[in-house]
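Breakdown of the fold
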Amino acid sequence: MTHGYRMGGYGGLGGERLGRRENAARHALLPLRIFLGVTFLYAGIDKLTQGGFFAATGSGSVGEMMRSVRDSSAIPALVDLALKSPAGFGYAIALGELAVGLGALFGLLTRIAALGGALISLSLWLTVSWQSTPYYYGNDLPYLMAWLPLVLAGAPSFSLDAVLADRRRRMR
């Protein structure tokens, strides 16, 4: 009995297997997108519903957190800027996390959402988790790195971006 691979479609041996690989590669970022989307959505909702988070002082407040990391941050001027309006900074972070999380989950303007997530993670790494030693104990740096593949590749499947791109292709 002869076992062979179907030729055609993909331009070489193993066409069927290559199709599965391409399909897997196309969906490879989906688990990362779901994880980051859910995590950032949860973080934004948590901040908005947490009592006292937006206060300038007090346990669990954004102002208290910023004051506690000011001297150990990489960019104290960024912390000082946040301390001018702790509530405004807190709302900006919370609403940014919501927007980024929704954009990643639904795959809408995914590259822009991922860039927003990367910038939030970068700002938190340079301020809040900068003093973590060794550096890889800080959680914001891995989040920053996790957003970068989505900045580069977007959401090629199971996304509103893909639906809109397909619609544009059909209209041409």
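For the structure given in this document, a descriptive report is provided here.

Rules and cut-offs
- Residues numbered from 1 in each chain as written.
- Predicted model: local features only at pLDDT ≥ 70, side-chain atom pairs only at ≥ 80, totals over all residues.
- Heavy atoms only, no water.
- Helix = DSSP H or I, 4+ residues; strand = E, 2+ residues; numbered from the N terminus.
- Buried < 20%, exposed > 50% of the residue type's maximum accessible area, 1.4 Å probe, protein only.
- Contact = heavy atoms within 4.5 Å.
- Areas by Shrake-Rupley, 256 points an atom, 1.4 Å probe, with all protein chains shown as cover.
- 1 Å grid on protein atoms, 1.4 Å probe; cavity = no way out; pocket = protein on both sides within 12 Å on 5 of 7 lines; lining within 4 Å.
- Points joined across faces, edges and corners; volume = space filled by probe spheres on them.
- Nonpolar A, V, L, I, M, F, W, Y, C, P; charged D, E, K, R; others polar.
- Core = buried A, V, L, I, M, F, W, Y, C linked by side-chain atoms within 4.5 Å.
- Salt bridge = Lys/Arg side-chain N within 4 Å of Asp/Glu carboxyl O.
- Phe/Tyr/Trp six-rings, centres within 6.5 Å; stacked < 30°, edge-to-face > 60°.
- Axes fitted to C-alpha atoms, helices over the stretch in contact; angles between N-to-C directions.
- Parallel < 35°, antiparallel > 145°, perpendicular 65-115°, else oblique.
- Left-handed = near helix turned anticlockwise from the far one by under 90°.

1. Brief notes about the overall build of the protein chain
- Across its full length, the protein chain holds eight helices and zero strands.
- Listing every helix and strand of the protein chain by position from the N terminus yields α-α-α-α-α-α-α-α.
- Every one of the 172 residues in the protein chain was classed for burial, and the buried ones make up 35%.
- Long-range pairs, those at least 24 residues apart, make up 65% of the contacts in the protein chain between residues at least 6 apart in sequence.
- Total accessible area computed for the protein chain in this model is approximately 10500 Å², and 65% of it derives from carbon and sulfur atoms.

2. With respect to the layout of surface pockets
- Estimates place the volume of the largest pocket at around 470 Å³.
- Around the largest pocket, the lining comprises 22 residues; the ones closest to its centre are A43, K47, E97, L124 and D140.
- Of all elements in the fold, only helix 2 (30-49), helix 3 (62-69), helix 5 (86-106), helix 6 (110-127) and helix 7 (140-153) reach the threshold of two or more residues within the lining of the largest pocket.
- Broken down by element, the residue count for the lining of the largest pocket peaks at six residues, all from helix 2.
- Residues of the lining of the largest pocket, tallied by class, amount to 12 nonpolar, six polar and four charged.

3. Thoughts on the nonpolar core
- In terms of nonpolar packing, the biggest core is built from 25 residues, with L36, F40, M66, V100, I120, W147 and L150 touching the most fellow members.
- Mapped onto this core, the elements with two or more residues apiece are helix 2, helix 3, helix 4 (76-84), helix 5, helix 6 and helix 7.
- Take this core: its biggest share by element is six residues, from helix 6.

4. Considerations on the pattern of salt bridges
- Going through the model one piece at a time under the given rule, you end up with six salt bridges.
- Across the pair E97 and K47 runs a salt bridge, and its minimum N-O distance is 3.1 Å. Of this pair, E97 sits in helix 5 while K47 sits in helix 2, placing them 50 residues apart in sequence. Of the two residues, E97 and K47, neither departs from the other in class, the shared state being buried.

5. Structural notes on the environment of A94
- As for its placement among the helices and strands, A94 is situated in helix 5.
- Sequence separation of A94 and F54 is 40 residues, and the distance between their C-alpha atoms is 9.9 Å.
- For A94, the residues in contact, after removing those within four places along its chain, are G44, K47, L48 and F54.

6. Overview of the packing of aromatic side chains
- Taken as a whole, this structure holds eight aromatic pairs when the rule is applied.
- Seen from their ring centres, F40 and Y143 are 6.0 Å apart, and the 65° between their planes marks the pair as edge-to-face. Residue F40 is located in helix 2, and its partner Y143 is located in helix 7; the two are separated by 103 residues in the primary sequence.
- In this structure F40 comes out as buried when scored by relative accessible area, which is 6%.
- With 5.5 Å between their ring centres and 80° between their planes, Y135 and Y136 make a pair best called edge-to-face. The same class applies to Y135 as to Y136, namely exposed.
- By the ring-pair criterion, three or more aromatic residues cluster together here, those being F35, F40, Y143 and W147.

7. Here's the deal with the side chain of S73
- With respect to the element layout, S73 can be found in the loop between helix 3 and helix 4.
- Apart from residues lying up to four places away in sequence, S73 is in contact with V79, L126, T127 and W130.

8. Description of the packing of helix 2 against helix 7
- Running from N to C, helix 2 and helix 7 cross one another at 130°; their axes reach a closest spacing of 10 Å. Taken together, the axes of helix 2 and helix 7 are oblique relative to one another. You can see that helix 2 and helix 7 cross each other, and the crossing is left-handed. Where helix 2 approaches helix 7, its residues L32, R33, F35, L36, T39 and F40 are matched on the opposing element by Y143, A146, W147, P149 and L150.
- Grouping the amino acids of the contact of helix 2 with helix 7 by side-chain chemistry returns nine nonpolar, one polar and one charged.

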